[in-house]
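Close look at the chain arrangement
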Amino acid sequence: MTPLLKNQAFINGKWIAASDHSTFEVINPANGEIIERVSDCAEAEVKMAIDAAWNAWQSWKNRTAYDRCNLLRKWFELIGKNKMELADIMTREQGKPLHEAEGEIQYAASFVEWFAAEGLRTYGETIPAPASKSRFVTIRQPVGVVAAITPWNFPSAMITRKVAPALAAGCTVIVKPSEETPFSALALAALAEKAGIPSGVLNVVTTKNAPLFSDIIFSNKRVRKISFTGSTPVGKKLMKAASDSIKKISLELGGNAPFIVFEDAHIKQAVKGVRTAKFRNNGQACIAANRIFVHETIYEKFASELVGRVEKMRIGGGTEKGVELGPMINEGACNKLDRLIADAVKKGANILNSNANNEKSGLFYPPVVLGNCSEKMDIFHEEIFGPVAALYVFKDFDEVIKMANNTNHGLAAYLYSQDVARCWTAAEQLEYGMTGINSGFISDASTPFGGIKESGIGREGSRYGIDEYLEIKYMSFGGISTN
Ligand code: NAD
């Protein structure tokens, strides 16, 4: 067992068992085996973590930004040095192919590097005052104790995208990772400890009882900020709960991304884009292409090229060589795909690829390309979260923009065209926080990640990401004599 595979919660710099010694099992989705059991924390541990984070905050907020930067840099370097071990843990608990897990570790580390530096630039400003004896200034200060609740689909990056800006800003954090993937979070905490990040600054509370965790967090006045990444229904519940004590809240929620292929698109590039935007992480991504709209004049050619590509995809355990699609996370996720496909077929969709009907085994789900989809199908409105590519035909620009915006979500969109003016106009009219143009890959630590409408509030990454963890304070000086 790698020393980074920890099976207890990490609170105030110590590895902690639940007070009643309860644990829960974490399953490898590729083979159904138990990887290890982990502490199932309850009220006592959550309260212990809040106290630890609160106490640590009293000194962490007063460290210089340079001190915090240096510690984050050490954490970044350790994540890089342990990339293979971290990737192996991730593949075992989450299922994604090892090369994708390595990519995620690099992506996760990039947030630590980025925000280590951003922490040095949390400037205030001076504001010209209307009276000669007045001076107006702003400073920015850390919000305080932060609770970060994260999903299973990107078990490392969704943590560093919150923890790195929070720590750089001078906040302390309690992470509650998904019960499906606690080990990636604990391994990151072990490396933070090794980097010298002080006790209580980063805490990881593992529990199967997410509502209990959030009840305690929301009712505690010392916790000033919640940052959540997960599904829209849970995000809505948390937003309501935050109103009781007016906590700051950031929400990174579900998506329903349109992927538009205009008549002048480079078809091979667009198919490559679908490979990334639809099938990465087995389609289990908030920014996954959910509805692929193809212009009627190129629909047949595009569909046949995509089918050719999908028929070559190898499914298997993430540690096997050459595997492109790992297992789904659990049975519920497979059942959802069965339901969406059956509904679409009943309402007129066709399954286009020959490997779609390969025998299913365990949580391995063969990729599916569905042609002739329409707005009346459930698959149009729901987040698919699996390797199912739903194709829609469109005739003109206005029609496709209207269809693309016909959803409550607004996270990511993609469009393919050689015409710059068309791309610009479409990107302006699409009601989405992010648009990939002739690119199926949009994520980078330097860019603002986040959605509009029911896809969330706030931005992560980029120079804006640290604002979520800072309060602006304004000071008005009077009585300043200019003689
Ligand atoms: P989820 O909402 O079920 O769970 C997310 C986290 O919330 C987990 O830690 C879970 O334990 C916790 N949780 C669940 N119920 C809770 C409750 N009542 N109170 C407090 N916490 C609770 O989502 P998931 O299945 O883990 O992740 C998939 C979802 O996350 C998808 O909808 C996906 O689009 C979204 N997601 C969004 C982004 C983004 O950046 N916008 C990134 C990744 C995933």
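Report on the accompanying structure. Since the model is a prediction, treat every value here as computed from it, not as a measurement.

Looking at the pattern of salt bridges
Taken as a whole and assessed by the stated rule, the structure comprises 28 salt bridges. Via salt bridges that share partners, R73, E77 and E113 belong to a single interconnected network.

What to know about the sheet that holds strand 16 (residues 388-394)
Spatially, 14-15-16-13-12-17-18 is the arrangement adopted by the 7 strands of the open sheet, whose pairing is mixed. Looking along the sheet, the strands with just one partner apiece sit at the ends: strand 14 (350-351) and strand 18 (434-437). Summarising the sheet, strand 12 (residues 257-261) and strand 17 (residues 412-416) pair through 3 bridges and their orientation is parallel. Across the sheet, the residue bridging to I260 is L415, located in strand 17.

Some words on the sheet that holds strand 5 (residues 125-127)
Spatial ordering of the open sheet is given by 5-6-20, a layout of 3 strands whose pairing is antiparallel. Two strands bound the open sheet, and with one partner strand each, they are strand 5 and strand 20 (470-477). When the angles between neighbouring strand axes are averaged without regard to direction, this sheet yields 25°. In the sheet, strand 6 (residues 135-142) pairs with strand 20 via 8 bridges, with the strands oriented antiparallel. Along strand 20, the bridge assignment pairs T138 with Y474.

Some words on a negative patch on the surface
A contiguous patch of negative charge, built from E296, E375, D396, D398 and E399, is present on the exposed surface. Relative to the helices and strands, E296 resides in the loop between strand 13 (289-295) and helix 10 (299-310). Look at E296 and you get partly exposed, because its relative accessible area is 40%.

As for empty space enclosed by the protein
Empty space left among the atoms is revealed by rolling a probe the size of a water molecule over them. For the coordinates displayed, the defined rule picks out 2 cavities of 30 Å³ or more. Approximately 70 Å³ is the volume found for the largest cavity. Around the largest cavity sit Y107, F154, M158, R161, R280, A285, C286, I287, S443 and F449, which together line it. For the lining of the largest cavity, the per-class residue count stands at 7 nonpolar, 1 polar and 2 charged.

Considerations on the site of the ligand
Near the ligand you find 28 residues, and of these T150, E179, S231, L253 and E383 are the closest. Between the ligand and the protein, one listed contact pairs an oxygen atom with a side-chain N or O atom of W152 at 2.9 Å. The side chain of K176 places a nitrogen or oxygen atom 3.0 Å from an oxygen atom of the ligand. Starting from 840 Å² of accessible surface for the ligand in isolation, the protein chains cover 88%.

Here's the deal with unusual backbone geometry
Although it is not a glycine, N12 adopts a positive phi angle of roughly 55°. As for its placement among the helices and strands, N12 is situated in the loop between strand 1 (9-11) and strand 2 (14-16). With phi around 60°, N282 is a residue other than glycine that occupies positive phi space.

Here's the deal with the layout of surface pockets
Roughly 1100 Å³ of volume is contained in the largest pocket. If you trace the largest pocket, you find 44 residues lining it, with F228, G230, S231, T232 and V234 closest to the centre. The element contributing the most residues to the lining of the largest pocket is helix 8 (residues 232-242), with 7 residues. Its residues assigned to classes, the lining of the largest pocket comprises 18 nonpolar, 15 polar and 11 charged. The two domains that each donate at least three residues to the lining of the largest pocket are domain 1 (9-253 + 455-474) and domain 2 (257-444).

Thresholds, definitions, all that
Residues numbered from 1 in each chain as written. Predicted model: local features only at pLDDT ≥ 70, side-chain atom pairs only at ≥ 80, totals over all residues. Heavy atoms only, no water. Salt bridge = Lys/Arg side-chain N within 4 Å of Asp/Glu carboxyl O. Pairing = 2+ DSSP bridges. Helix = DSSP H or I, 4+ residues; strand = E, 2+ residues; numbered from the N terminus. Axes fitted to C-alpha atoms, helices over the stretch in contact; angles between N-to-C directions. Patch = residues over 30% accessible without salt bridge, like charges linked within 9 Å, V, L, I, M, F, W, Y side chains within 5 Å. Areas by Shrake-Rupley, 256 points an atom, 1.4 Å probe, with all protein chains shown as cover. Lys, Arg positive; Asp, Glu negative; His and termini not counted. Charge placed at Lys NZ, Arg CZ, Asp CG, Glu CD. Buried < 20%, exposed > 50% of the residue type's maximum accessible area, 1.4 Å probe, protein only. 1 Å grid on protein atoms, 1.4 Å probe; cavity = no way out; pocket = protein on both sides within 12 Å on 5 of 7 lines; lining within 4 Å. Points joined across faces, edges and corners; volume = space filled by probe spheres on them. Nonpolar A, V, L, I, M, F, W, Y, C, P; charged D, E, K, R; others polar. Near = heavy atom within 4 Å. Polar contact = N/O pair within 3.5 Å; in protein donor to acceptor, adjacent residues only side chain to side chain. Domains from an automatic or database assignment.

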